[in-house]
Amino acid sequence: MFTDGMTPDEIMNKYKDDVNRLAGYLNWLEQKSGSQVSGVYGDDGLSENSVPVPVFDSNLMNFIRTADATSFMDRNYRYAYTRNHIRTTEDELRFIDNATIMQMDVLGGILSNYVMGGRTKARLWSEGMNKGIFLRLVKKMKELIDFWANAERKAY
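Residues numbered from 1 in each chain as written. Predicted model: local features only at pLDDT ≥ 70, side-chain atom pairs only at ≥ 80, totals over all residues. Heavy atoms only, no water.

1. Describing the overall build of the chain
The criterion, for reference: Helix and strand definitions here come from DSSP, where helices need a minimum of 4 consecutive H or I residues and strands a minimum of 2 consecutive E residues; each element is numbered from the N-terminal end. The cut-offs for exposure are 20% and 50% of the maximum accessible area for each residue type, with area from a 1.4 Å probe on protein chains only; residues under the lower value are buried, those over the upper are exposed, and the others partly exposed. The contact rule is simple, with two residues in contact once any of their heavy atoms fall within 4.5 Å.
Scanning the chain from N- to C-terminus turns up eight helices and two strands. Secondary structure elements of the chain, listed N to C terminal, follow the sequence α-α-β-β-α-α-α-α-α-α. Sorting the 156 residues of the chain into buried and exposed places 44% on the buried side. Considering only intrachain contacts with a sequence separation of at least 6, the fraction spanning at least 24 residues in the chain is 72%.

2. Comments concerning the nonpolar core
To keep it simple, the criterion reads: What we call a nonpolar core is a set of buried Ala, Val, Leu, Ile, Met, Phe, Trp, Tyr and Cys residues that are connected through their side-chain atoms within 4.5 Å.
Grouped together as the largest cluster of nonpolar side chains are 48 residues, with contacts concentrated most on M104, L111 and F134. Of all elements in the fold, only helix 1 (8–23), helix 2 (26–32), helix 3 (58–68), helix 4 (77–83), helix 5 (89–98), helix 6 (104–117), helix 7 (123–130) and helix 8 (133–154) reach the threshold of two or more residues within this core. Take this core: its biggest share by element is nine residues, from helix 8. Setting aside residues no more than four positions away along its own chain, M104 makes contact with I11, Y15, F72, M141, L144 and I145.

3. Points about the side chain of D18
In plain terms, the rule: Within 3.5 Å is the distance limit for a polar contact, defined as a pair of N or O atoms, with the added protein rule that one can donate a hydrogen and the other accept it, and that residues adjacent in sequence qualify only through two side-chain atoms.
As for its placement among the helices and strands, D18 is situated in helix 1. Residue D18 is classed as buried on the basis of its relative accessible area of 6%. A polar contact of 2.3 Å, which involves the side chain of D18, links it to the side chain of R21. Of note is the side chain of D18, whose polar atom sits 2.6 Å from the side chain of S71.

4. Things to note about the packing of aromatic side chains
As a reminder, the rule being used: Note on ring pairs: Phe, Tyr and Trp rings are taken, using the six-membered ring of Trp, and paired if centres are within 6.5 Å. Classes follow the plane angle, with under 30 degrees stacked, over 60 edge-to-face and the rest tilted. Sitting over a ring, as applied to charges here, requires NZ of Lys or CZ of Arg to be within 6 Å of the ring centre and within 35 degrees of the ring normal.
Scanning all chains against the criterion turns up five aromatic pairs. Between Y25 and F63, the ring centres sit 5.5 Å apart and the planes meet at 80 degrees, which makes this aromatic pair edge-to-face. On the criterion of sequence distance, the pair formed by Y25 in the loop between helix 1 and helix 2 and F63 in helix 3 is long-range, its members being 38 residues apart. Members of the aromatic cluster, joined through ring pairs, are Y25, F63, Y114 and F134. A cation sits over an aromatic face here: R78 above Y81, 4.6 Å from the ring centre.

Written out as structure tokens, the structure reads:
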């Protein structure tokens, strides 16, 4: 997963297809970011003894499945957080806004935290939407890939 020792062009080529797949969700992410994309099955007057089950927007689940199939997924995503002193949501957002192409693996670590962590703590998927993490990540990744793709063409 690490991009140490790779050139910006190598990083761009490694992640370009995955970023383009995720960018397909940009319109939906822009519309739904900050809004509620989950509910609880059982709010309709089911018994108090019933277990509440979270229910998610189908587009969110498709986004999660798509992200889960990318090369961004890293089981050791916690190392990206500790190496870069990321502890809070504000730290995540600040890092995303200031990231360069050379830190694409850390952006993948943040995405992994929400996608993979959401498997056991489903609230992370909702938080990723409500706090705008998914939108900012995909926008930043797309911006970096587009910048380097255009820079590469202009060099010739």
